Amino acid sequence: MKILNGAALAKKIKSVLAIEIEYLMKKNGRAPKLCIVLVGDDPASASYVKSKQKSCNEIGILCDLNILPYSTSQKELLTLIETLNNDPDVDGILVQLPLPKHIDQNAILHTIDYKKDVDGLHPMNVGLLNQSDDAIIPCTPKGILSLLRAEDIPITGKHCVVIGRSNLVGKPMAQLMLRENASVTVCHSKTRDLPYLTRQGEILIIAIGHPNLVNADMLKEGAVVVDVGINNVDGKLVGDIYNSIDLTNIEKKAAAITPVPGGVGPMTIASLMENVVEIYKRRVISD
Ligand code: GUN
């Protein structure tokens, strides 16, 4: 079974971006700038945001981090987003999810200028992706596709089974694989007979957020398995399937798998960096 090394590819993507950013900075007189907004002190979110900030620093993207208290009102957050929308020096805006329960997530995501929407979650970008047009693509699905392509994994005509239907991963992933000419099945918590469907997945993308719900018995022989899960089990990072108790059997059955850590996670961040640079270039050209 092949291990799909997302960490190595992410490093390569970022080092190429660093050279491009140096060139763009000389040409345009300014570096790309990302503004990250974090509301509250959820430790997982804080850790993801720190990784994003670190990657920006490594490759020459300016990164402003706005940390707001959990008690921030929706109105206050909307006001900050409007300010960032109107700031000509800000290329990308990222509001880390999830938001506190008293804030309407969609109201926030719909307010971000879609041209600065590095997450690709604004309805305009969702629509553009569905029309196979020039969308900003959500970072995790984009990173997964880059990894599959870099590993020369054929997608056209394959049956891709996606478990999970979130706006961040499952839905855009399905759209992206459809665009790549796969036949796509999306499974979720209400799906009847999940194993029947997962056993048909030549490419199986697991984005559930719970370890050990999928086991070797549920895989198709020779499947390419993409594990999006990042779960903390007794202080150890494990995937939704990788590192599960069944890993020995999975190794015998799957053709390839993304490890956790070191698979999809670093690719998500590399894709975020790509999206910031892409948006910067679009904005500079339209100036
Ligand atoms: N929370 C978990 N993953 C993500 C992501 O890719 N973007 C945002 N904004 N929040 C997240």
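First, a word on what this report is: a plain description of the structure on this page. Note that this is a predicted model, so its numbers are computed, not measured.

Along the polypeptide, Asp240 turns up in the loop between strand S10 (236-238) and helix H9 (247-253). No salt bridge is formed by the buried Asp240, whose closest oppositely charged neighbour, Lys236, lies at an N-O distance of 14 Å. With residues near it in sequence (within four places) discarded, Asp240 still touches Ile206, Ala207, Ile208, Gly209, His210, Pro211, Asn212, Leu213, Asp227, Gly229 and Asn231.

The biggest cluster of nonpolar side chains holds 53 residues, and the ones touching the most others in it are Leu34, Ile61, Leu148, Met177, Ile203 and Ile205. Take this core: its biggest share by element is 10 residues, from helix H10 (residues 264-286). Residues Leu197, Met218, Val225 and Tyr242 belong to the second largest nonpolar core, which totals 20 residues.

This part takes up the pattern of salt bridges. For the structure shown, the criterion picks out 12 salt bridges. Residue Glu58 pairs with Lys14 through a salt bridge whose shortest N-O separation is 3.4 Å. On the criterion of sequence distance, the pair formed by Glu58 in helix H2 (residues 43-59) and Lys14 in helix H1 (residues 6-28) is long-range, its members being 44 residues apart. Notably, a salt bridge pairs Glu58 with Lys54, separated by 3.4 Å at the nearest N-O pair. Separated by four residues within a single helix, Glu58 and Lys54 lie in helix H2, roughly one turn from each other. Of the residues examined, Lys54 reaches a relative accessible area of 55% and is grouped as exposed. A single salt-bridge network, built from bridges that share partners, covers Lys14, Lys54 and Glu58.

To continue, consider the environment of Asn66. With respect to the helices and strands, Asn66 occurs in strand S3 (residues 62-68). Accessibility expressed as a relative area gives 22% for Asn66, which makes it partly exposed. Separated by 192 residues in the primary sequence, Asn66 and Thr258 have C-alpha atoms spaced 32 Å apart. Excluding residues within four positions of it along the chain, Asn66 makes contact with Cys35, Ile36, Val37, Leu38 and Leu80.

Bringing the side chain of Asn231 into the picture now. By secondary structure assignment, the location of Asn231 is in strand S9 (residues 231-233). Among the polar contacts made by the side chain of Asn231, one reaches the main-chain carbonyl oxygen of Gly239 at a distance of 3.0 Å. At 2.9 Å, the side chain of Asn231 and the side chain of Asp240 are in polar contact. What Asn231 contacts, discounting residues up to four positions off in sequence, is Gly209, His210, Pro211, Lys236, Leu237, Val238, Gly239 and Asp240.

All right, on to the sheet that holds S3 then. An order of S3-S2-S4 is seen for the three strands of this open sheet, with the pairing classed as parallel. Sheet topology places S3 and strand S4 (92-95) at the edges, where each strand pairs with a single neighbour. When the angles between neighbouring strand axes are averaged without regard to direction, this sheet yields 15 degrees. The pairing of strand S2 (residues 33-39) with S3 spans seven bridges and is parallel. Paired with Cys35 across the two strands is Asp64, which belongs to S3. Docked against the sheet, H2 engages S2, S3 and S4, running at close to 170 degrees with respect to S2.

To continue, consider the site of the ligand. Taken together, Lys52, Leu94, Val95, Gln96, Leu97, Asp119 and Leu168 make up the full set of residues near the ligand. Interatomic distance of 2.8 Å between a backbone N/O atom of Val95 and a nitrogen atom of the ligand. Here Gln96 contributes a side-chain N or O atom positioned 3.1 Å from a nitrogen atom of the ligand. Grouping the constituent residues of the shell around the ligand by class yields four nonpolar, one polar and two charged.

When you line up the elements, Asn167 lands in the loop between strand S5 (159-163) and helix H7 (170-179). In this structure the C-alpha to C-alpha distance between Asn167 and Leu121, which are 46 residues apart in sequence, comes to 7.4 Å. Polar side-chain contacts of Asn167 include one of 2.8 Å to the side chain of Lys171.

Another point: the sheet that holds strand S11 (residues 256-257). Read from one edge of the open sheet, six strands run S1-S11-S8-S7-S5-S6, paired in parallel fashion. On the outer flanks of this sheet lie strand S1 (2-3) and strand S6 (183-187), each paired with one strand and no other. Relative to S11, strand S8 (residues 224-227) is paired through two bridges, and the arrangement is parallel. The residue of S11 that forms the bridge with Val224 is Ala256.

What follows is about unusual backbone geometry. Note the cis peptide between Leu97 and Pro98, where omega equals 0 degrees. Relative to the elements of secondary structure, Pro98 occurs in the loop between S4 and helix H4 (105-111). Even without glycine at this site, Asp152 takes up a positive phi of about 55 degrees. Even without glycine at this site, Asn212 takes up a positive phi of about 70 degrees. Relative to the helices and strands, Asn212 resides in the loop between strand S7 (203-206) and S8. A relative accessible area of 40% places Asn212 in the partly exposed class.

Each value, and the rule that gives it
Residues numbered from 1 in each chain as written. Predicted model: local features only at pLDDT ≥ 70, side-chain atom pairs only at ≥ 80, totals over all residues. Heavy atoms only, no water. Helix = DSSP H or I, 4+ residues; strand = E, 2+ residues; numbered from the N terminus. Buried < 20%, exposed > 50% of the residue type's maximum accessible area, 1.4 Å probe, protein only. Lys, Arg positive; Asp, Glu negative; His and termini not counted. Salt bridge = Lys/Arg side-chain N within 4 Å of Asp/Glu carboxyl O. Contact = heavy atoms within 4.5 Å. Core = buried A, V, L, I, M, F, W, Y, C linked by side-chain atoms within 4.5 Å. Polar contact = N/O pair within 3.5 Å; in protein donor to acceptor, adjacent residues only side chain to side chain. Pairing = 2+ DSSP bridges. Axes fitted to C-alpha atoms, helices over the stretch in contact; angles between N-to-C directions. Near = heavy atom within 4 Å. Nonpolar A, V, L, I, M, F, W, Y, C, P; charged D, E, K, R; others polar.

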